[in-house]
Amino acid sequence: MKYKNYMRYNNNISLILLTFEFLRKILGGDRFNNLIGYIEKEVVLIKKKIGKKINLLDYGCGKLDFTLFLKKKKLINKAICVDNYELKYKKLPLNVKYMNLSNSKMTFKKNYFNLAIIIDVLHHIGINNLEKKLKTICKISEYVIIKDHFEFNYLSRQLLRLADWFGNYGTEVNIPKKYFTEEKWYRLIKKSKLKQIKIIKNVIQHKGLFSLILPSKHQFISIIRK
Ligand SMILES: C[S@@+](CC[C@H](N)C(=O)[O-])C[C@H]1O[C@@H](n2cnc3c(N)ncnc32)[C@H](O)[C@@H]1O
């Protein structure tokens, strides 16, 4: 591609991404700002229970928004954020590291972390292949906070897919074919022999028009403890 065409292509993509971000904000789809209150509250409770500084694993960290917020609030001390892309041009705060899982494996010892967060990641990995992965994460971390979606029927599945497409537009994140039902979620917990100490249902992830299309019954947060 000629340089001029390449620049025009990049400008067009940036414009589309900005438009999507703007639409998300005004239509109530500001996912991070709607979710962070729930996550912050659970991290505060876990920090109190643990009674020491938090060493966090952010599994499928994306743009690291949740970790950076928790670090800024001084709720965590150290963090390792993992995902499967190359993190470029991002200056990270002291004690926050990024690891690209496409190049390296997680080889942390048992209980290396006292908290792991897995926010809207599991359905992208594929709900049927999670037992081993979840067990590994729960082995290296004392507590795990998982945020994910519930589907209820064919229509709600397609709405979740549409929201996932809209929310992840411009990234290489794959759009899942299926999501957890409540039954499948509990089956996974049982099969993986994990102890769920709390589940928050009806998490308000969307407001405004978005909440009419995808009501809060589709969102849940689960807290797992060894
Ligand atoms: C919807 S984004 C969520 C990002 C972040 N957790 C957040 O809430 O802002 C899903 C993320 O999961 C990551 N992901 C998908 N499959 C993964 C895998 N097998 N291992 C690690 N990360 C994965 C994607 O690259 C993407 O960044």
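Notes on the structure in this doc start here. (Residues numbered from 1 in each chain as written. Predicted model: local features only at pLDDT ≥ 70, side-chain atom pairs only at ≥ 80, totals over all residues.)

Let's talk about helix α3 (residues 65-72)
Okay, so step 1: Looking only at α3, the buried set comprises Phe-66, Thr-67, Leu-70 and Lys-71. For α3, the arc enclosing every buried residue in end-on projection is 130°, short of the 170-degree limit, so these residues lie on one face.
Okay, so step 2: Elements in contact with the buried residues of α3: α2 (31-50), β1 (55-59), β2 (78-83), β3 (96-100) and β4 (113-119).
Okay, so step 3: Of the residues one or two after α3, Lys-74 is the one with positive phi, at around 60°. (Buried ≥ 20, exposed ≤ 12 C-beta atoms within 10 Å, placed from the backbone. Helix = DSSP H or I, 4+ residues; strand = E, 2+ residues; numbered from the N terminus. Arc of directions from axis to C-beta. Contact = placed C-beta atoms within 7 Å.)

A closer look at the site of the ligand
Okay, so step 1: In the vicinity of the ligand lie 16 residues, with Gly-60, Gly-62, Ile-119, Val-121 and His-124 positioned nearest.
Okay, so step 2: Among the elements of the structure, α3 and α4 (122-125) are those that each provide at least two residues to the shell around the ligand.
Okay, so step 3: Along the lines of polarity and charge, the residues of the shell around the ligand split into eight nonpolar, five polar and three charged. (Near = placed C-beta within 6 Å. Nonpolar A, V, L, I, M, F, W, Y, C, P; charged D, E, K, R; others polar.)

With respect to the packing of α2 against α3
Okay, so step 1: At a minimum axis distance of 11 Å, the contact between α2 and α3 shows a crossing angle of 55°. On the basis of their axis angle, the class for α2 and α3 is oblique. Regarding α2 and α3, the two cross each other, and that crossing is right-handed. Residues Phe-32, Ile-36, Ile-39 and Val-43 of α2 pack against Asp-65, Phe-66, Phe-69 and Leu-70 of α3.
Okay, so step 2: For the contact of α2 with α3, the class distribution of residues is seven nonpolar, no polar and one charged. (Axes fitted to C-alpha atoms, helices over the stretch in contact; angles between N-to-C directions. Parallel < 35°, antiparallel > 145°, perpendicular 65-115°, else oblique. Left-handed = near helix turned anticlockwise from the far one by under 90°.)

Considerations on the sheet that holds β1
Okay, so step 1: Pairing is mixed across the open sheet formed by seven strands, whose spatial order is β3-β2-β1-β4-β5-β7-β6. Edge strands, defined here as strands with exactly one partner in the open sheet, are β3 and β6 (195-200). Adjacent strand axes in the sheet meet at a mean angle of 20°, parallel and antiparallel pairs treated alike.
Okay, so step 2: Pairing of β1 with β4, which is carried by three bridges, proceeds in the parallel orientation. In the sheet register, Leu-56 faces β4, and the bridge partner there is Leu-115.
Okay, so step 3: Each of β1, β4, β5 (141-149) and β7 (219-225) is contacted by helix α5 (residues 131-140), which is oriented at about 140° to β5, the strand it contacts most. (Pairing = 2+ DSSP bridges.)

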